[in-house]
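Spelled out, the chains give:
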Amino acid sequence: MKTIAFILPSLNVGGSEKVTLSIIKGLDKKKYRPVLIALNAKGPLKNEIPCKVRLYTVGGSRMHHSVIKLIKLLRHLQPDCIFSTLGYVNLTILLIKRLHLLKAKIIVREASTASMALKLFPAYKARCYKFLYRLLYPGADLIIAQCDNIKKDLIKNFCIKRDKIVRIYNPVDIISVISKSNQFYPPEFKRTEINIVAVGRLVKAKGYDVLLKAFHKLIKIAPDAHLYIIGDGPLRNKLENLSRNLKLDSKVTFVGFVSNPYPYIRHSDLYVLSSRWEGFPNTLLEALVCGAKVVATDCESGPREILKDETYGLLAKVDDDFSLCRKMWQYLNSDCKSADRGKDFDLDRIILKYQKAFDRVMA
């Protein structure tokens, strides 16, 4: 039996954390023994860890505070393979490997379009990270890209060899999502209104400022519409101020963090993803599983690939509130196109691809 150590910075709700736990749950426990290492073991996802999976913590909120303890723990555990899935964690593990402090095979999963994410950094920091990506990522035994666009980004902008990268879509636990989506009808919803929902962290990448401006235009032609923004983050105050300035107080509800957002998605009249960029948006996959109508920005990366152009939803221009408003109005007046697209990301199907990747590395 092969031991795989999965490393996460915390157990807070996030796409990478949810994907990692889904992989751990789905692995064939007769072939693999997963262990989970969290830099900080606090967070609501702690309750999602399977009971037979051992959780280790190295007791730090930041990687540079935890790296010595992490090295000691990994050398004690002696896993056959290490799996990590956030850029700075990936770089740290690969640096430790380059210094010959670890013997385990290394699989890193790239969780975002790195070249886009680096645009948020100061120029000197972006150059430093780009150098580290080019220096350290080739040292991974395998790199998993969430979608074709992330794979292309790594090849084009970071000079990673094509045969080093495997594309594996994110998994969705369809049975769990559907079950949770039926647990309640959102108490905030009014059946006489058009209920529009967006879910995600309140950060620049998610483009909620664009969504608010688009919604401001939409209510002029759909006065019964109401927007529910589910999630929290550093831009909440700024976005609430923008909502007030647009005189949307009675039309926009900032719900905050919700442990089960699926009933909001299932019972919505429209789900909107307004991102400036993405990795491979799990909420979009989950919205399709819930059977929601979906409008997404045609950002890098994921939405166009997930929706197969506009086969399963509609795509708006990035950072364009006019385009987003137009697509929202168009889909509100059209039949749902989601069909069975969500089944293509079913957990069991995706886990088989991950197990094939693990077998390839540890053969």
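For the structure, see preceding data.
Values in this document were obtained by computation on a predicted structure and should not be read as measured data.

1. Some remarks on the overall build of the chain
Working step 1: Within the chain, the regular secondary structure consists of 14 helices and 13 strands.
Working step 2: Expected size for 363 residues packed as a compact globule is a radius of gyration near 21 Å; at 21 Å, the chain falls within 12% of this value.
Working step 3: Once the C-alpha set of the chain is aligned to its principal axes, its extents read approximately 65 × 45 × 35 Å.
Working step 4: Among the 363 residues that make up the chain, the fraction classed as buried is 55%.
Working step 5: Split by element, the accessible area of the chain, about 16700 Å² in all, is 51% carbon and sulfur.

2. Things to note about the pattern of salt bridges
Working step 1: Per the counting criterion, the structure on display carries 15 salt bridges.
Working step 2: The partner of Asp-359 in a salt bridge is Lys-31, with the nearest N and O atoms 3.0 Å apart. Of this pair, Asp-359 sits in helix α14 (residues 347-362) while Lys-31 sits in the loop between α1 (15-26) and β2 (32-38), and the two are 328 residues apart along the sequence.
Working step 3: According to the relative accessible area criterion, Lys-31 is partly exposed, its value standing at 36%.
Working step 4: By sharing partners, the salt bridges in this structure join Asp-209, Arg-276 and Asp-319 into a single network.

3. Observations concerning the nonpolar core
Working step 1: Counting 96 residues, the largest nonpolar core has Ile-37 and Phe-358 as the members making the most contacts within it.
Working step 2: If one sorts the elements of this core by residue count, α14 sits on top with eight residues.
Working step 3: In contact with Phe-358, other than residues within four places in its own chain, are Ile-4, Phe-6, Ile-23, Leu-27, Tyr-32, Cys-81, Phe-83 and Ile-107.
Working step 4: In terms of nonpolar packing, the next biggest core, distinct from the first, is built from 31 residues, Leu-211, Ile-219, Ala-225 and Phe-254 among them.

4. Quick look at helix α13 (residues 321-332)
Every α-helix carries 3.6 residues per turn, so stepping three or four residues along brings you back to the same face.
Working step 1: In this model, α13 (twelve residues) spans 16 Å end to end at C-alpha, consistent with the 16 Å of a helix rising 1.5 Å per residue.
Working step 2: For α13, every residue scored as buried is listed here: Asp-321, Ser-323, Leu-324, Cys-325, Lys-327, Met-328, Tyr-331 and Leu-332.
Working step 3: Lining the buried residues of α13 we find β8 (194-199), α8 (208-218), β11 (270-273), β12 (294-297) and β13 (314-316).
Working step 4: Two to three positions downstream of the cap, the backbone nitrogen of Phe-322 sits 3.1 Å from a side-chain oxygen, assigning the N-cap of α13 to Asp-320.

5. What about the pairing of strand β4 (residues 81-84)?
Working step 1: In β4, alternate side chains face the same way, and those of Cys-81 and Phe-83 on one face and Ile-82 and Ser-84 on the other are all buried.
Working step 2: Where strand β1 (residues 2-8) meets β4, four bridges bridge the pair, whose relative direction is parallel. Across the sheet, Ile-4 pairs through a bridge with Cys-81, a residue of β4.
Working step 3: Note that β4 and strand β5 (residues 105-110) share four bridges and pair parallel. Paired with Ser-84 across the bridge in β5 is Val-108.

6. A look at the packing of aromatic side chains
Working step 1: Considering all chains together, one arrives at 16 aromatic pairs under this definition.
Working step 2: Ring geometry for Phe-6 versus Phe-358: centroids 6.1 Å apart, planes at 90°, classification edge-to-face. With Phe-6 in strand β1 and Phe-358 in helix α14, this pair connects stretches of sequence that are 352 residues apart. We note that Phe-6, like Phe-358, is buried.
Working step 3: The rings of Phe-6, Tyr-32, Phe-83, Tyr-354 and Phe-358 are connected pair by pair, giving a single aromatic cluster.
Working step 4: Note that Lys-125 overlies the ring of Phe-121, its terminal NZ or CZ placed 5.2 Å from the centroid.
Working step 5: Sitting above the plane of the Tyr-185 ring, Arg-191 keeps its charged end 4.0 Å from the centroid.

7. Focus: the state of the cysteines
Working step 1: Using the criterion set out here, one finds zero disulfides in the structure.
Working step 2: Lacking any disulfide linkage, Cys-290 is separated from the closest cysteine sulfur, that of Cys-336, by 11 Å.
Working step 3: Between Cys-325, a cysteine without a disulfide, and Cys-299, which holds the nearest cysteine sulfur, the sulfur-to-sulfur distance is 19 Å.
Working step 4: Cys-325 sits in the buried class, given a relative accessible area of 9%.

8. A look at the packing of α8 against α13
Working step 1: The N-to-C vectors of α8 and α13 enclose an angle of 55°; their axes lie 8 Å apart at closest approach. When the axes of α8 and α13 are compared, the pair comes out oblique. In this structure, α8 crosses over α13, and the sense of that crossing is right-handed. Contacts from Val-210, Leu-211, Lys-213, Ala-214, Lys-217 and Leu-218 of α8 reach α13 at Asp-321, Phe-322, Leu-324, Cys-325, Met-328, Trp-329 and Leu-332.
Working step 2: A breakdown of the residues in the contact of α8 with α13 according to their chemical character gives ten nonpolar, no polar and three charged.

9. What about unusual backbone geometry?
Working step 1: Ser-301 follows Glu-300 through a cis peptide bond whose omega is -5°.
Working step 2: Assignment of secondary structure puts Ser-301 in the loop between β12 and α12 (303-307).
Working step 3: Unusually for a residue other than glycine, Gln-78 sits at a positive phi of about 50°.
Working step 4: Tracing the backbone shows Gln-78 in the loop between α2 (63-77) and β4.
Working step 5: Among the residues examined, Gln-78 registers a relative accessible area of 64% and is labelled exposed.
Working step 6: We note that Lys-308 has phi near 50°; this positive angle belongs to a residue other than glycine.
Working step 7: Structurally, Lys-308 is set in the loop between α12 and β13.
Working step 8: Relative accessible area serves as the criterion here: at 44%, Lys-308 is assigned to the partly exposed category.

Each value, and the rule that gives it
- Residues numbered from 1 in each chain as written.
- Predicted model: local features only at pLDDT ≥ 70, side-chain atom pairs only at ≥ 80, totals over all residues.
- Heavy atoms only, no water.
- Helix = DSSP H or I, 4+ residues; strand = E, 2+ residues; numbered from the N terminus.
- Rg over C-alpha atoms; globule rule 2.2 N^0.38 Å.
- Buried < 20%, exposed > 50% of the residue type's maximum accessible area, 1.4 Å probe, protein only.
- Areas by Shrake-Rupley, 256 points an atom, 1.4 Å probe, with all protein chains shown as cover.
- Salt bridge = Lys/Arg side-chain N within 4 Å of Asp/Glu carboxyl O.
- Core = buried A, V, L, I, M, F, W, Y, C linked by side-chain atoms within 4.5 Å.
- Contact = heavy atoms within 4.5 Å.
- Expected span 1.5 Å × (residues − 1).
- Polar contact = N/O pair within 3.5 Å; in protein donor to acceptor, adjacent residues only side chain to side chain.
- Pairing = 2+ DSSP bridges.
- Phe/Tyr/Trp six-rings, centres within 6.5 Å; stacked < 30°, edge-to-face > 60°.
- Lys NZ or Arg CZ within 6 Å of the ring centre and 35° of its normal.
- Disulfide = S-S within 2.5 Å.
- Axes fitted to C-alpha atoms, helices over the stretch in contact; angles between N-to-C directions.
- Parallel < 35°, antiparallel > 145°, perpendicular 65-115°, else oblique.
- Left-handed = near helix turned anticlockwise from the far one by under 90°.
- Nonpolar A, V, L, I, M, F, W, Y, C, P; charged D, E, K, R; others polar.

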